[in-house]
Amino acid sequence: MIPLEGHVRIPSGCAVSAMISRDGKRMNGESIIQSMIPMHDRSNGLGGGFAAYGIYPEYKDFYALHIFFNNRSAQAECMALLKEYFEIVQDEHIKVRKMPQITDEPIIRRVFVSPMQSVLRHLQIDEKELVVRVVNRINAEPVGSYVFSCGKNMGAFKAVGFPEDVGRYYRLEEYEAYCWTAHGRYPTNTPGWWGGAHPFCLLDYSIVHNGEISSYDANRRFIEMYGYKCTLQTDTEVITYIADYLLRRQGLSLDEMASVIAAPFWSTIEGKSEADKEKYTYLRTVFPSLLVTGPFSIILGFDGGLMALNDRLKLRSMVVGEQNDMVYIASEEAAIRVMAPDIQNIWSPAGGEPVIVRVKEGAF
Amino acid sequence: MNFYPEFEVVRNDSRCIRCRVCERQCANEVHWYDEDGKVMLSDESKCVNCQRCVTLCPTRALKIVKSDCRLRENANYSDQTIKEIYRQAETGGVLLSSMGNPNPLPVYWDRILINASQVTNPPIDPLREPMETRVFLGKKPDHITRNADGSLDTKLAPQLSLSMPVMFSAMSYGSISYNAHASLARAASALGIYYNTGEGGLHEDFYKYGKNTIVQVASGRFGVHKDYLEAGAAIEIKMGQGAKPGIGGHLPGTKAVGDVSKTRMIPEGSDAISPAPHHDIYSIEDLRQLVFSLKEATDYRLPVIVKVAAVHNIAAIASGIARSGADIIAIDGFRGGTGAAPTRIRDNVGIPIELALAAVDKRLRDEGIRNNVSIICGGSVRSAADVVKAIALGADACYIATAACLAMGCHLCRSCHTGKCNWGIATQRPDLVKRLNPDIGSQRLINLMDAWRHEIKELMGGMGINSIEALRGNRLMLRGVGLTEKELEILGISHAGE
Ligand code: SF4
Ligand code: SF4
């Protein structure tokens, strides 16, 4: 029997792509779908997905849960659990376009929820922590429900298939987002499982990633000390948890987080100013187990921006393009040229050097 | 009772030029020159097979071989078992041994294999890319804090910074010689790592290596005073030792001479036997008090290490220590060396370091307190591969002592307790001590560590890892061979092929 996702660790190669408007202009999903086409060969049809920010303005105060259910009973069980902690504001089908390329679909729902104040008071935690705990609980239990997106005013869309087909399937041309990220997956072995496609999301963080990290188990065993459960055994999952831990729970800035997971070499730190030396040495001393090694290029989406980061040796390709208020990021330049044919300004960021793009204050 | 000696001295008389080097070199007085017959003779019953004469004989006229005159074969009562009974029947004494447990018990390091990258991610070439081996040992904060201006508050609990995750483990001045200590201290300084004074105090000549010294406080408190505590970069409380869990240190009186007795602050020639427990530590809360009194005495400038022997309940013990205020836990496995220990204890008490380390690392993670402490693993770490396996199982760094002694010339004859080490290491006899030249001893230690660092980097590079931090606790990089389900479960690794 071929083992299921989560039972074994499956290395995979990938394609990533992203576009963001610094002015907070909202764009439909057409362009980002197109960008994945020239990178078709970087995926093998076993997973594709997208994350979109700013797509639910009318529900922006509620957590948008995107959920796969294996069957009706799983759905009933999961909804009952959700009702213990949340008010259900809206519970609807995610509209899809039936197509021969996408098969074996689970039940796909979108549920807008609002945490119950009484629960928060009782558990003495904030609402984000509640969402994280409930989602982790649902996903860790093998009852056939899988929450694949749980942020506010954002959502992930993913499936087993090639990314361009997945985009069409979810009718992404009907969504308007100020920031899109996309992912095509090339797992080396796995029966396709929808939850295993990327992006991987937690709250408003979404990660698309290309690479195979060699630090995986060191990172996993560290982060699991803090209540995270790496059930999928994928790099993307553990990187998302690291981002959540460092940004939300430790309160690091994006730059600081980048210098933890793609820490500058000691030899580089030696050459920095005293203040920087102190800062980088501190971060490497305090979070050594969150250093990520091996090839990766990741795009971390969050509320109001994104960050792209390569491993410190730059063992995976990643290019960035800029035109007016738009920033494009992709595994290959060809993908950027599809999104912005007459773009001039394209460069390849150095390994370990984060590219942080923020939407103008108040524009989203 | 007289036995045929364990070893035979085989001398090729046609090669022997009667230079009498062997006679002068052998502290056990095995060789002598017979004026009448103009031949070299030997009393093999005194030979410990330290290979000193073999190594120095200019004509390769000598070899020492295991004697084949044995008692009748018996798989249950071995030759050694029977002879030990005879010896005890004669003397009524406890048997003494030295160095680590030599018995054929499982060596888990040898049943663990390391991963390498192929296709899906690239190996990294340490000759062409930076490859980092620096580690910091000490307590890490649970939460970062910020200054008023929003910058990171970079104050940390005291940390030890190591250029590579290997240090020289505790060997007291007394159990080993002045020159051996000088070699270790100088090598540690040159390498940017640490050596450990052991429980015999610190000779005043070595205070200058304080930045690279860990000072030990054991149950005997030999040589402990305020200046001593302040001299080092860290303080280690020795609760136990892998070679002899449950009992204290033992320095035979023959070695407590001259500066050794002065440094230990004990009378010359007296046996220095540390009590089995620290008499101020009968439970975990007492340990906490000692940890904090040592910190108090040194203004909280120095990390405190608590060293324990790997015993059955090691995971729970380590968890207690991690909550005691200690910054670092050193775990010493049952194959660890010693200058002198009761044979029965050395050979039968304690558990393998590999299992102890895996269990401790897991327990501390399960309890979410792995960050409270760093873990040092000792007790027979023999090579760079053992270091890599230890780090991947979860250690922050390793302690080596036997390997360090070997680098200085030790031939593992296991007779340190006699005080007549022909290699100038485990002895206090001035004529023997001077055989170990600290210039050469320290250089050989530096060479060994340089070699290991290169090997560690190559192994890491093969795994696609370019910093030792990413290897720590990375058990996915290990596979077991020929291990039972239970052993794999405790080690937290999969079997090869899985
Ligand atoms: S050292 Fe060798 S050559 Fe010299 S006396 Fe001894 S056996 Fe003979
Ligand atoms: S230190 Fe000396 S006495 Fe001890 S085992 Fe090594 S060579 Fe023999």
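Residues numbered from 1 in each chain as written. Chains lettered and ligands numbered in written order. Predicted model: local features only at pLDDT ≥ 70, side-chain atom pairs only at ≥ 80, totals over all residues. Heavy atoms only, no water.

> Lay out the overall build of chain A in plain terms, naming residues and giving numbers.
From N to C terminus, chain A includes 11 helices and 18 strands. A compact globule built from 364 residues would reach a C-alpha radius of gyration of about 21 Å, and chain A, at 19 Å, matches this within 12%. In chain A, which comprises 364 residues, the proportion classed as buried is 63%. Considering only contacts in chain A between residues 6 or more positions apart, those separated by 24 or more positions represent 76%. With an accessible surface of roughly 12,800 Å², chain A has 49% of that area assigned to carbon and sulfur atoms. Within chain A, the 44 negative side-chain charges are centred at a point lying 2 Å from the centre of the 37 positive side-chain charges. (Helix = DSSP H or I, 4+ residues; strand = E, 2+ residues; numbered from the N terminus. Rg over C-alpha atoms; globule rule 2.2 N^0.38 Å. Buried < 20%, exposed > 50% of the residue type's maximum accessible area, 1.4 Å probe, protein only. Contact = heavy atoms within 4.5 Å. Areas by Shrake-Rupley, 256 points an atom, 1.4 Å probe, with all protein chains shown as cover. Lys, Arg positive; Asp, Glu negative; His and termini not counted. Charge placed at Lys NZ, Arg CZ, Asp CG, Glu CD.)

> Quick rundown of the interface of chain A and chain B? Include the residues and the values.
Listed per partner, the contact involves 42 residues of chain A and 44 residues of chain B. Here chain A and chain B share six salt bridges between them. Put simply, chain A and chain B have 21 residue pairs in polar contact (both at pLDDT 80 or more) between them. Broken down by secondary-structure element, the contributors of at least two residues to the side of chain A that touches chain B are helix H6 (216-223), helix H7 (235-249), helix H9 (266-270) and helix H10 (274-286) of chain A. Looking at the side of chain A that touches chain B element by element, the count peaks at eight residues for H10(A). (Salt bridge = Lys/Arg side-chain N within 4 Å of Asp/Glu carboxyl O. Polar contact = N/O pair within 3.5 Å; in protein donor to acceptor, adjacent residues only side chain to side chain.)

> Describe the site of ligand 2, and please don't skip the residues or the numbers.
The immediate surroundings of ligand 2 are formed by B:Met99, B:Cys410, B:His411, B:Leu412, B:Cys413, B:Arg414, B:Ser415, B:Cys416, B:Cys421, B:Trp423 and B:Ala426. Residue composition of the shell around ligand 2, grouped by class: eight nonpolar, two polar and one charged. (Near = heavy atom within 4 Å. Nonpolar A, V, L, I, M, F, W, Y, C, P; charged D, E, K, R; others polar.)

> Tell me about the site of ligand 1, residues and numbers included.
The environment of ligand 1 is made up of B:Arg11, B:Cys16, B:Ile17, B:Cys19, B:Arg20, B:Val21, B:Cys22, B:Met40, B:Cys57, B:Pro58, B:Thr59 and B:Leu62. Along the lines of polarity and charge, the residues of the shell around ligand 1 split into nine nonpolar, one polar and two charged.

> Could you give an account of the packing of aromatic side chains, naming the residues involved and the relevant values?
How two aromatic rings sit relative to each other is given by the distance of their centres and the angle of their planes. Taken as a whole, this structure holds 22 aromatic pairs over all chains when the rule is applied. Here a set of aromatic residues connected by ring pairs shows up, and it is made of A:Phe68, A:Phe148, A:Phe157, A:Tyr169, A:Tyr170, A:Tyr175 and A:Trp194. Between B:Arg52 and the ring centre of B:Trp423, over which it is positioned, the NZ or CZ distance is 4.7 Å. Its end group placed over the ring of A:Trp266, B:Arg134 keeps NZ or CZ at 4.3 Å from the ring centre. (Phe/Tyr/Trp six-rings, centres within 6.5 Å; stacked < 30°, edge-to-face > 60°. Lys NZ or Arg CZ within 6 Å of the ring centre and 35° of its normal.)

> Could you give an account of the pattern of salt bridges, with specific residues and numbers?
Within this structure, the stated rule accounts for 54 salt bridges over all chains. Close ionic contact of A:Glu173 with A:Arg97 constitutes a salt bridge, the shortest N to O distance being 2.4 Å. You can see A:Glu173 sitting in the loop between helix H5 (163-169) and strand E9 (176-177) and its partner A:Arg97 sitting in the loop between strand E5 (86-93) and strand E6 (107-115), a full 76 residues away along the chain. A salt bridge links B:Asp439 to B:Arg186, with the shortest nitrogen-to-oxygen separation between them at 2.3 Å. One end of the pair, B:Asp439, is in helix H14 (residues 438-462); the other, B:Arg186, is in helix H4 (residues 178-191), with 253 residues separating them in the sequence. Here B:Arg186 falls in the partly exposed class, since its relative accessible area comes to 27%. Where salt bridges share partners, they join A:Arg221, B:Asp361, B:Arg365, B:Arg370, B:Asp396, B:Arg472 and B:Arg475 into one cluster.

> Give a detailed account of the nonpolar core, specifying residues and quantitative values.
In terms of nonpolar packing, the biggest core is built from 130 residues, with A:Tyr170, A:Leu246, A:Phe287 and A:Leu300 touching the most fellow members. Examining the composition of this core, we find that eight residues originate from one element, H7(A), more than from any other. The residues contacting A:Tyr170, other than those within four sequence positions of it, are A:Phe68, A:Ile94, A:Lys95, A:Val96, A:Ile108, A:Phe148, A:Phe157, A:Lys158, A:Ala159, A:Tyr175 and A:Trp194. Counting residues in hydrophobic clusters, the runner-up holds 117 residues, among them B:Tyr194, B:Leu294, B:Leu436 and B:Ile446. (Core = buried A, V, L, I, M, F, W, Y, C linked by side-chain atoms within 4.5 Å.)

> Summarise the pairing of strand E7 (residues 145-149) of chain A; cite the residues concerned and give the values.
Residue and element names in this part refer to chain A. Across the five residues that make up E7, a large majority, five, are buried. Alignment of strand E4 (residues 63-69) against E7, held across four bridges, turns out to be antiparallel. Each bridged residue has a counterpart across the sheet, and for Phe-68 the counterpart in E7 is Tyr-146. (Pairing = 2+ DSSP bridges.)

> Can you explain helix H7 (residues 284-297) of chain B? Please cite residues and give values.
Residues and elements named next belong to chain B. A rise of 1.5 Å per residue sets the reference length of H7, with its 14 residues, at 20 Å; its end C-alpha atoms lie 20 Å apart and thus fit the reference within 8%. The set of residues buried in H7 consists of Leu-287, Leu-290, Val-291, Leu-294 and Lys-295. Projection of H7 onto a plane perpendicular to its axis shows the buried side chains occupying an angular sector of 135 degrees, all on one side. With respect to the buried face of H7, the exposed residues turned more than 90 degrees away are Glu-285, Gln-289 and Glu-296. Buried residues along H7 sit in contact with strand E11 (213-217), helix H5 (226-231), strand E12 (234-238), strand E15 (304-309) and helix H8 (314-322). Where H7 terminates, the next one or two residues include Asp-299, which has phi positive at roughly 55 degrees. (Expected span 1.5 Å × (residues − 1). Arc of directions from axis to C-beta.)

> Requested: an account of the sheet that holds E6(A), with residues and values cited.
All names here are of chain A. Pairing in this open sheet of four strands is antiparallel, and the strands run E5-E6-E4-E7 from one edge to the other. Two strands in the sheet have a free side with no partner beyond their single neighbour: E5 and E7. Averaged over all adjacent pairs, the angle separating strand axes in this sheet is 30 degrees, with direction ignored. Strand contacts of helix H2 (residues 72-85): E4, E5, E6 and E7, with the helix running at about 150 degrees to E5, the strand carrying the most contacts. (Axes fitted to C-alpha atoms, helices over the stretch in contact; angles between N-to-C directions.)

> Before we move on, could you go through the pairing of strand E12 (residues 205-211) of chain A and cite the residues and values that matter?
All names here are of chain A. With seven of seven residues buried, E12 lies mostly within the body of the structure. Residues Tyr-205, Ile-207, His-209 and Gly-211 point to one face of E12 and Ser-206, Val-208 and Asn-210 to the other, with burial holding for every one of them. Sheet topology note: the strand E11 (residues 200-202)/E12 ladder contains three bridges and is antiparallel. Pairing of Leu-202 across the sheet is with Tyr-205, part of E12. Between E11 and E12, which pair antiparallel and follow one another directly, the connecting turn spans two residues, one of which, Leu-203, has a positive phi of 50 degrees. Inspection of the sheet shows E12 paired to strand E13 (residues 296-302) by six bridges, in the antiparallel sense. Each residue of the ladder has a partner; that of His-209, found in E13, is Ile-298.

Function-wise, these values are silent; they only describe arrangement.
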